[in-house]
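Structure at a glance
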Amino acid sequence: MIKTLQIGSIPIDPPFLMAPMAGFTNRAYRDTVRALGGCGLPALEMISARGFVSQKERVGEESELDRLRGVAEEPRPLAAQIWDNDPGKLAMVGAKLAYEYQVSVVDINFGCPAHDVAGKAQSGSFLLRDPERVGRLVERVVKACHPTPVTAKIRLGIAPSQNPKAESQSKLCHDEIIRDQNNIDDHTFIYGNCAGEIAVAVEQAGAAALTVHGRYAKQMFSGTADWDAIAAVKSNLNKIPLIGNGDIDSPGKAVDFLKRYPVDGIMIGRAAIGRPWLFRQASELLLTESERSSEWISTIPIERERTILFQFCERMIQQFGDERGMVMMRKFACRYGSGRRGAREFRRAIGTVHSQKAFQKLVDETFQE
Ligand SMILES: Cc1cc2nc3c(=O)[nH]c(=O)nc-3n(C[C@H](O)[C@H](O)[C@H](O)COP(=O)(O)O)c2cc1C
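Residues numbered from 1 in each chain as written. Predicted model: local features only at pLDDT ≥ 70, side-chain atom pairs only at ≥ 80, totals over all residues. Heavy atoms only, no water.

1. Digging into the packing of aromatic side chains
Per the counting criterion, the structure on display carries 10 aromatic pairs. Ring centres 5.1 Å apart and planes at 70° place the aromatic pair Phe257 and Tyr261 in the edge-to-face group. You'll find Phe257 and Tyr261 in the same group, each marked buried. Measuring from ring centre to ring centre gives 6.5 Å for Phe310 and Phe359, while their planes differ by 80°; the resulting arrangement is edge-to-face. (Phe/Tyr/Trp six-rings, centres within 6.5 Å; stacked < 30°, edge-to-face > 60°. Buried < 20%, exposed > 50% of the residue type's maximum accessible area, 1.4 Å probe, protein only.)

2. Some thoughts on the packing of helix α1 (residues 27-36) against helix α12 (residues 302-320)
Following both chains from N to C, one finds α1 and α12 inclined at 145°, their axes separated by 8 Å at the closest point. Considering how the two elements wind past one another, α1 and α12 form a crossing that is right-handed. Residues Arg27, Ala28, Tyr29, Asp31, Thr32, Ala35 and Leu36 of α1 pack against Ile308, Phe312, Arg315, Met316 and Gln319 of α12. Residue composition of the contact of α1 with α12, by class: 7 nonpolar, 2 polar and 3 charged. (Axes fitted to C-alpha atoms, helices over the stretch in contact; angles between N-to-C directions. Helix = DSSP H or I, 4+ residues; strand = E, 2+ residues; numbered from the N terminus. Left-handed = near helix turned anticlockwise from the far one by under 90°. Contact = heavy atoms within 4.5 Å. Nonpolar A, V, L, I, M, F, W, Y, C, P; charged D, E, K, R; others polar.)

3. Some details on the pattern of salt bridges
Under the definition given, this model contains 18 salt bridges. The shortest N-O distance in the salt bridge between Glu74 and Arg30 comes to 2.7 Å. Placement of the pair is Glu74 in the loop between α3 (64-68) and β5 (79-83) and Arg30 in helix α1, with a sequence separation of 44 residues. Each member of the salt-bridge network shares a partner with another, and the members are Arg27, Arg30, Asp31, Arg34 and Glu74. (Salt bridge = Lys/Arg side-chain N within 4 Å of Asp/Glu carboxyl O.)

4. With respect to the pairing of strand β10 (residues 209-216)
Within β10, 8 of the 8 residues are buried, which leaves the element mostly enclosed by the surrounding structure. In the sheet, strand β7 (residues 150-157) pairs with β10 via 6 bridges, with the strands oriented parallel. Residue pairing for β10: Arg155 is matched across the bridge by His213. One ladder, built from 4 bridges, connects β10 with strand β11 (residues 242-245); its direction is parallel. Looking at β11, one finds that Leu210 is bridged to Leu242. The parallel pair β10 and β11 is bridged by helix α9 (residues 227-233), and the resulting crossover is right-handed. (Pairing = 2+ DSSP bridges. Right-handed = clockwise from strand over helix to strand, strands pointing away.)

5. Details of the packing of helix α10 (residues 251-260) against helix α11 (residues 278-288)
The interhelical angle for the contact between α10 and α11, taken along N-to-C directions, is 50°, at an axis separation of 8 Å. By the angle between their directions, the pair α10 and α11 is classed as oblique. Of the two possible hands of crossing, α10 and α11 adopt the one that is right-handed. For the pair α10 and α11, the contacting residues are Pro251, Gly252, Ala254, Val255, Leu258 and Lys259 in the first and Leu278, Gln281, Ala282, Leu285 and Leu286 in the second. Its residues assigned to classes, the contact of α10 with α11 shows 8 nonpolar, 2 polar and 1 charged. (Parallel < 35°, antiparallel > 145°, perpendicular 65-115°, else oblique.)

6. Overview of the nonpolar core
Proteins that are soluble and globular tend to have nonpolar side chains buried together. Leu97, Phe110, Leu210 and Phe359 are the most contacted members of the largest nonpolar core, which totals 104 residues. What Leu210 contacts, discounting residues up to four positions off in sequence, is Ala152, Ile154, Ala199, Val202, Val233, Leu237, Ile240, Pro241, Leu242 and Ile243. Counting residues in each nonpolar core, the second largest holds 14 residues, with Leu41, Ala79, Val105 and Ile243 among its members. (Core = buried A, V, L, I, M, F, W, Y, C linked by side-chain atoms within 4.5 Å.)

7. Some remarks on unusual backbone geometry
Going from Asp13 to Pro14, the amide bond is cis rather than trans, its omega being 0°. Take Pro14: it is sitting in the loop between β2 (10-12) and β3 (16-18). Note that the residue after Arg76, namely Pro77, is joined by a cis bond; omega there is 5°. Despite not being glycine, Gln102 shows a phi value in the positive range, around 55°. As for its position among the elements, Gln102 is in the loop between α4 (87-100) and β6 (105-110). Despite not being glycine, Gln122 shows a phi value in the positive range, around 45°. Looking at the secondary structure, you find Gln122 in the loop between α5 (115-120) and α6 (131-145). By relative accessible area, Gln122 is classed as partly exposed at 36%.

Right under this line is the structure:
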């Protein structure tokens, strides 16, 4: 039986969601994924609530307003993610996104482990140490955004428990609050799986869905995502859907995990940067349940990969202009062609390419069957 996913009043079909990724899930990327199909909910890059409020121009970086340019006219459904630890700022920016930009879903980030977010700004995964505070933040944003659904994205906790008993109970281990002397941020870590407690707080606060990335903040991206721990969160939720996230890197895995684990949706991040067709492949596989019955299921032909890459380049230039678009294109392009002949040479040479024409020439020359 195919699972259906609904976030508030928004049907998410197919139940494969784009993971928000700062620096990657820009308009050009979202449009590329959309054109290929199979993604039930594209997502913006995260937006700093305090950055949005102060609307500071950032040198060499996109401002929050840049990230939102064109969003009002963009196809729906579309999720926008915000981060901060200040309820007033989160509520204000959430409401702007819901009412002015009319996004379909407002997501709150409780998972980012990056120093600027979790360390300096005590937001993102920093907040996982305090389920009550998470609940209060979610409640404020839910009220401010009504009737737009509000969701939360979390990790399993800050750092794995050193006490296996506490870990298996999926409980915060309050007696394990210790100061990690080696941590450059010198902030307190709470060891243990707090996803269950956070899930309860998030649901009681009125959120419409919860996404769990199956890693601890301290792991960053090391190790593997723990899908049993993601599955364990389900028993803490009464009515809202659970979306699993972490290490989904093939259509087979996406469909298998959707069926095998008690999750209502699957969120895909890194693997789709260089393979934006992954959502389409997963959705076709989910429908056909046969690896051979769709042209999208097997490895896609090189000409199609090249065309997708060229069209993506075109969109990047449209969004960011010739110079910046080409520079930004490099970090995407080097993720394409994995396993293909010439891919390594292509990755080495891509750093020297400054124009769309030169890019096309390099792709044609090096990117071959
Ligand atoms: C470059 C990069 C940027 C990311 N930015 C965000 C972000 O803005 N918000 C967020 O919730 N997670 C962010 N993440 C985490 C992803 O959304 C996702 O949870 C993580 O990559 C695990 O999924 P995956 O294994 O499918 O990539 C980012 C990850 C990467 C690699």
